[in-house]
Amino acid sequence: MKRKNSARLCAMLTLSLLSASALAESNDTGTSAEELGLSDYRYFMIYPHLERAFRAQKENDETTAIAEFRHVLQQAPDNVPLTQHLAEAYRHFGHNKQARQLLKDQLKRHPGDKRLQQQLEAIPYQAEPMATVEQLRLAQKLCNAEPTSRCRSDIGQSALTLKQLTIAKAQLDDGAFAASPQGQQLENNLLQRAIYLKVWQMVDEIFTRKQQQHPLSEAEKKQWFSALLNGQLDDHIHTLQAQGIFNSPQDQLQWASALATRNEQTKLENYLAEHQPRFDDEAQEKNWLYLIARYGNDPLHQLVQFAPQFAANRRYVANAVLPSMIKSGDYAAAQRVLDTLPEDEMLTERYMLSVASHNTAQSLALARRMYQRDRQNMQLLDQLTWQLTEAGQSREASELLLQRYPLDASTPQAGRLTARLFQLFQAHPEQLTPALLNRLTQPLPTPALRQLQSQLPGVGDDCRVVRRLLGDMSDSYDAYSWRRLASCYRGDLPGVALFALQQAEKRQPDAYQRRAVAYQAYAVENYASAMQGWRSLALSDMSDADLIAAANTAQAAGDASARDRWLDEAQKRGKTNSEAWWWLHAQRYLPAQPKLALADLTRAIEIQPTVRALTSRADLYRLARNKQNNISDLRQALALEPGNGATQAALGYALWRNGDYLESRAMLEQALKSTPDDPQLPRQLMYVNERLDDRNQTQLYARQLIDETNDAAQVTPLTPAQNQELYNIRRLHENIARRWTFSIDSTVGLRSGTMSSASPQSGGPTPGKSYRSYGQMEAEYRLGRNMLVKGDTLAVYSRVFGDTGSSKVMMPVKNPTSGTGIRWKPFYNFTLFFAVEQQFSLANHANTSDTMLRASASFLNNGKFSDEWHPNGSGWLAQNLYLDAAQYVRRDIQSATADYRISWHQKVAQGQTLEPYAHLQINSDYNGKNRDDRRSNDDYISDSIQVNQLGGIGVRWNIWTGETRYNAWPHKISLGLEYQRTFSTINQAPGERNNAFFTLGVHW
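Reading the values: the criteria
Residues numbered from 1 in each chain as written. Predicted model: local features only at pLDDT ≥ 70, side-chain atom pairs only at ≥ 80, totals over all residues. Heavy atoms only, no water. Disulfide = S-S within 2.5 Å. Helix = DSSP H or I, 4+ residues; strand = E, 2+ residues; numbered from the N terminus. Buried < 20%, exposed > 50% of the residue type's maximum accessible area, 1.4 Å probe, protein only. Pairing = 2+ DSSP bridges. Axes fitted to C-alpha atoms, helices over the stretch in contact; angles between N-to-C directions. Salt bridge = Lys/Arg side-chain N within 4 Å of Asp/Glu carboxyl O.

### What about the state of the cysteines?
Phase 1 of the analysis: Applying the stated criterion to the full structure yields two disulfides.
Phase 2 of the analysis: With a sulfur-sulfur separation of 1.8 Å, Cys143 is cross-linked through a disulfide to Cys151. What sets the handedness of the Cys143 and Cys151 disulfide is the S-S torsion sign, and at about 60° it is right-handed.
Phase 3 of the analysis: The disulfide bridge from Cys463 ends at Cys488, spanning 2.3 Å between sulfur atoms. One disulfide, between Cys463 and Cys488, carries an S-S torsion of -85° and so falls in the left-handed class. Linking Cys463 in helix α30 (residues 463-470) with Cys488 in helix α31 (residues 479-489), this pair joins segments that are 25 residues apart in sequence.
Phase 4 of the analysis: Its relative accessible area of 25% is what places Cys463 among the partly exposed residues.
Phase 5 of the analysis: Taking relative accessible area as the criterion, Cys488 reaches 9% and is therefore assigned buried.

Written out as structure tokens, the structure reads:
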């Protein structure tokens, strides 16, 4: 036996040591035999299974762990620790439901066992799904079958989420749950949810129950009363107030305000009539008074009967009832209300009552008293000065107003008080001193006040003051003010005067205003507005003078039919015996019937010589080229109005056309002083001074025109015509100042041994002789213009020229000759020159001096066909017909040349062109000496006349240079090559008729 016990003890010790590690990691429930409540034997029997169960659980071997724990519990079914181990294993492997059921079954064996209860409660509760109302109702049935605080709470909270407040409220019918913390929490949540969803009846029921269970807090009472008001549960409020609940003055005010908000007029009237709460708060009392005034069935009576606790509210009652009392004439009642207040209060209302009751003495006294209390108050000043005026004390009223003048324009009384002050002075103008008038007419800040200032006595037609006051032209001024402005601006700013009259007509659209607009619009040449004004008038509203003025306007506007209609009306009235009618009548014949127009104008001048009639007739004389009568009428017109710029200009142009340049300049200069903005006058003066050879004045006006044109080009690009005109003016500016001109011309034959048919121009050293090359250098000095006749130009010159003669040299160094002479251009508009030149040989040949008489002309080379630089386009066509004839006096040789050239200037750069050209030339030379020989052989006589016909084509490179801001190109260089073919000649062999030449031309 002893051996048996020893073996048993050893076995138990061995098992304990082997399983120490596994048991050390078990749950909190003990694993010893004592802790498990097992005998040593039973412990010995189950311990291997228990050890395997713990190890399998650690290794997550669910099957082994659960099986071993179940086997162990089967050995001791009532054992609580072993039950706990199996329940923990269930939970470890996610079987909470089995764990919960196991613990519930064991609790039936061990009711109230805290170990089992705590472990059961530690298992997470998984409520039934309640996402829908159907699921919620199903869960409720299950909970009702087996109720717990947890399921009651879960169902209640889910019901709140699904807005099933009735189901949530039903959970509170379980008294035990309702008294539990979960029940109280559900009740609070249900209350707030019902408030949020505005289920006011349920809120009322919950608060009613809570109030029956225990006293409510102030916050809860406020919530309850607010719910009653929001739910419009008026009957319950009545009941509660009858019980002394919600019956404070504040609660009464709150319910009355709610009735007002809901527009429950009848209920509110009754409630206000039945209650007179006594408030401890001024604002609340004022609100109750407001409700009476606004909603009471007899507000005046109720307000008077209500006895306010606060002074401010007593004033409120007085303010509320006094206007109606005064309006209804119940002055005694109004006075009784005021008597309840201190005498120094509500002075304004007392003043109103005194005015309404016609108590003038009291009104004036109160007005003085109020103004003395607040002298900055404009309303009080208004009352006092009005009372003073009514009482006949206007001087004191004006003095009070002057003390505050100028009045603050930001106040609403400023205009009325200013008007009152000015009306006082209008009634008593003797009080206005010059200094005071100057003070009162300093512009005030608003248009209305300035308009009042302009109507002060003493302003009248003082345009300095009127313009100072009304010159801002505010849109608020009336028609009278605008007419006064127009009158003051008519002299120096007629356009502004027209605008002012148009504004007056807009405010007072009558015949008088329209007529004034028409006259002023005509004066500023706004004919469209003038015609609009005249057309708006009926013929019956137009005087005789209006008819003529309207016809004048129609003539200026180019409306012939309107002009004739008004003229015919004047004729019907027998108003034709006037210069104006005949002048206008003459216009209907122009331009088709100038003779009839001339007769009408003559009749007008016979009645009354006027500038317009004389200038109109002068214009007809101009068209008829009757220069003397044209000038005579213009002189007569100028005698009538010596300062008339248009007449001065017209006479200046007429004298220009007549060739009276000096007098024309005087007239044009006078016209420029009268009308300095006329752009044509400086241009015409430039040309007049050029004709008079006044270089300084010509250049002065030319520079002025150049500057104006360049300035205009900065704003708007010049048109081609303006660009060409600018260049012409710059050319004139350069040419008028030119005195010296230097030129080089040379033709060099490129073919050795060939001769040109003859001199290319008359005046050469060997007329009638052929040569290879020719060259000339000349210097000319211009003596001046208008030297012999009007428009001429006289110059002296000297030149050196030569050719190659009969030699084979290339350069023109043979037969060098010097020529000095005088050159005369008799006509301004034609390129025609006459020259007398004395020639001397520079080769020391005897008897080689001679006198040459020469005439030369150029045609077809003006304007757009000239060789002058053209500022517009990429090129231009040029042509020239040159005629030249010379008489050598001593040698009795006549030489003539005719050359026609046509060319195209292609621009290659600014101031450069390539010029391909072609020309035909005929030269003739006649030697008169042969005629004196006593020989009658016809062939010999024919030999004395040499005629050459040739043609050439070539190209030149032209370079202009030296331009400035005011001067066009003064210099030109031409380099060219020409192929020449001689068609007919006498001295040239047939094989020498095709030649090539290099040409050089320099003009400096």
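### A closer look at the sheet that holds strand β2 (residues 774-785)
Phase 1 of the analysis: Overall, antiparallel pairing links the 12 strands, which are arranged β1-β2-β3-β4-β5-β6-β7-β8-β9-β10-β11-β12 in a closed barrel. Put simply, the sheet's adjacent strands are angled 20° from each other on average, direction ignored.
Phase 2 of the analysis: Taken together, the eight bridges between strand β1 (residues 740-749) and β2 define a ladder with antiparallel strand orientation. By the bridge assignment, Trp740 is partnered in β2 with Tyr781.

### Details of the pattern of salt bridges
Phase 1 of the analysis: With the rule as written, the count across this model stands at 47 salt bridges.
Phase 2 of the analysis: The salt bridge involving Arg152 is made with Asp174; its shortest N-O contact spans 3.5 Å. Within this pair, whereas Arg152 is found in helix α10 (residues 149-161), its partner Asp174 is found in the loop between α11 (165-171) and α12 (175-179), the two being separated by 22 residues in sequence.
Phase 3 of the analysis: We classify Arg152 as buried; its relative accessible area is 11%.
Phase 4 of the analysis: Classification of Asp174 as partly exposed rests on a relative accessible area of 24%.
Phase 5 of the analysis: Taking the shortest distance from any N to any O, the salt bridge between Arg854 and Asp884 comes out at 2.6 Å. Taken together, the positions of Arg854 in strand β6 (residues 850-859) and Asp884 in strand β7 (residues 875-888) put the pair 30 residues apart, joining distant regions of the chain.
Phase 6 of the analysis: On the accessibility criterion, Asp884 (2% relative accessible area) is buried.
Phase 7 of the analysis: Salt bridges here are not isolated pairs; linked through shared partners, they connect Glu187, Arg209, Lys210 and Glu220.

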